[in-house]
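Analysis of the macromolecular model
Below are the chains, spelled out letter by letter.
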Amino acid sequence: MFSQQAEREIDRLLARYPRKRSAIIPVLFIAQKERGYLSDDVLEYVAKRMGLTYLDVVTVVSFYTMFYRRPIGKYNIQLCNNVSCMLCGSEKIQEHIERKLGITFGQTTPDGRFTFTEVQCLGSCGTAPVMQVNFDYYENLTPEKVDQILDSLP
Ligand code: FES
């Protein structure tokens with residue numbers, strides 16, 4: 001189902017742990033990198049490959065916002081809306097991004113460039129409000145800073 005390189009990497013991970021299920025997070029990352037998101041057929045394949053059930057795998061996937069169940073944009077803007085960020089103005093940031101991109105939480109721009117996702121605490125409450133774009137953190141956000149960040153993405 002995946003490239004030879006990805007399959008080899010999965011083999012290596014499965015051999016590393018005494019219990020195969022311990023490798024589920026890195027295996028899911030490989031699957032997502034290969035396919036862009038984790039569809040049902042990918043989850044079935046991962047479950048079979050790891051000797052798990054579909055339910056074992058889908059419950060892990062549904063717990064973490066870093067796993068995608070549907071196609072997403074090139075850049076996934078994950079804005080924290082938890083208490084510290086909310087108290088420090090995340091709603092203003094949310095409104096600014098919605099206006100700027102014309103999308104709200106859970107949506108992707110028509111050109112496929114941006115997906116906007118609401119997430120819970122990103123673990124950086126002291127620098128709220130915070131967003132994560134793919135794997136990069138951006139802190140102490142202001143609308144101006146958001147413009148700079150999004151406008152500078154290649
Ligand atoms: S509440 Fe936003 S990073 Fe913790």
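Structural notes, computed from the coordinates. (Residues numbered from 1 in each chain as written. Predicted model: local features only at pLDDT ≥ 70, side-chain atom pairs only at ≥ 80, totals over all residues.)

Here we come to the packing of helix 2 (residues 24–35) against helix 3 (residues 40–50). Running from amino to carboxyl end, helix 2 crosses helix 3 at an angle of 140°, the nearest separation of the two axes being 11 Å. The orientation of helix 2 with respect to helix 3, classified from their angle, is oblique. Considering the relative orientation of helix 2 and helix 3, their crossing is right-handed. Residue-level contacts link Ile-24, Val-27, Leu-28, Ala-31 and Arg-35 of helix 2 to Val-42, Val-46 and Met-50 of helix 3. (Axes fitted to C-alpha atoms, helices over the stretch in contact; angles between N-to-C directions. Helix = DSSP H or I, 4+ residues; strand = E, 2+ residues; numbered from the N terminus. Parallel < 35°, antiparallel > 145°, perpendicular 65-115°, else oblique. Left-handed = near helix turned anticlockwise from the far one by under 90°. Contact = placed C-beta atoms within 7 Å.)

Within the secondary structure, Lys-92 sits in helix 6 (residues 90–101). Separated by 50 residues in the primary sequence, Lys-92 and Thr-142 have C-alpha atoms spaced 8.4 Å apart.

On to the sheet that holds strand 1 (residues 75–80), then. Sheet architecture is open: four strands sit in the order 2-1-3-4, paired in mixed fashion. At either end of the open sheet lies a strand with only one pairing partner, and these are strand 2 (114–119) and strand 4 (136–138). Averaged over all pairs of adjacent strands, the angle between their axes in this sheet comes to 25°, without regard to strand direction. For strand 3 (residues 131–133) and strand 4, the ladder comprises three bridges, and the chain directions are antiparallel. Counterpart to Val-133 in the pairing with strand 4 is Asp-136. Its contacts with the sheet put helix 6 on strand 1 and strand 2, and the angle it makes with strand 1 is roughly 155°. (Pairing = 2+ DSSP bridges.)

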